[in-house]
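# Tertiary structure, described
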Amino acid sequence: QVQLVESGGGLVQPGGSLSLSCAAAGSSVSINYMGWYRMTPGNERELVADVTSGGSTHYADSVKGRFTLSRDNAKNTVYLQMNSLKPEDTAVYYCNVRGYWNYSPIDYWGQGTQVTVSP
């Protein structure tokens, strides 16, 4: 069985920084995709940033130059460093992990963590 453990988030003033982490824990698990998405009330969940097992990283245009995604393959953990935060970054952030567990495909979502950017 695979468990996702999210951490980070919270309240920060505009221009501040926060970091998020997401770890996929479990034996016999092979992760080939990890990403962060966010959702605000009344809107669909949108991609913030993701990374494949080959190391290819993608960012939403709205966060390019401000957010940095990194991955520790040995720990099956992905980190999202968020700098120069803006009020419009306020959302619930969700980790998404895809891969295989005991040779069966998996597609797991974290429980979500609130990020609030406000004076």
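Quick notes on the rules
- Residues numbered from 1 in each chain as written.
- Predicted model: local features only at pLDDT ≥ 70, side-chain atom pairs only at ≥ 80, totals over all residues.
- Heavy atoms only, no water.
- Core = buried A, V, L, I, M, F, W, Y, C linked by side-chain atoms within 4.5 Å.
- Buried < 20%, exposed > 50% of the residue type's maximum accessible area, 1.4 Å probe, protein only.
- Helix = DSSP H or I, 4+ residues; strand = E, 2+ residues; numbered from the N terminus.
- Contact = heavy atoms within 4.5 Å.
- Phe/Tyr/Trp six-rings, centres within 6.5 Å; stacked < 30°, edge-to-face > 60°.
- Lys NZ or Arg CZ within 6 Å of the ring centre and 35° of its normal.

Our next topic: the nonpolar core. Among the nonpolar cores identified, the biggest contains 29 residues, and Trp36, Leu80, Met82 and Tyr93 are the most heavily contacted of them. Going through the elements one at a time, strand 3 (18-25), strand 4 (29-39), strand 5 (46-52), strand 7 (67-72), strand 8 (77-82), strand 9 (91-101) and strand 11 (113-117) are the ones with two or more residues in this core. Filtering out sequence-adjacent residues up to four positions away, Tyr93 remains in contact with Glu6, Leu20, Trp36, Tyr37, Arg38, Val48, Phe67, Leu80, Met82, Gly112, Thr113 and Val115.

Right, let's talk about the packing of aromatic side chains for a bit. Each aromatic ring pair is specified by the distance between its two centres and by the angle formed by the two planes. One pass over the full model with this rule turns up one aromatic pair. Ring geometry for Tyr37 and Trp109: centres 5.0 Å apart, planes at 65°, overall edge-to-face. Of this pair, Tyr37 sits in strand 4 while Trp109 sits in strand 10 (residues 104-109), and the two are 72 residues apart along the sequence. Stacked on the ring of Tyr94, the Lys or Arg Arg45 has its end atom at 4.8 Å from the ring centre. A cation over a ring is seen here: Arg45 above Trp109, with NZ or CZ 3.8 Å from the ring centre.

Everything listed is a geometric property; what it means functionally is a separate question.
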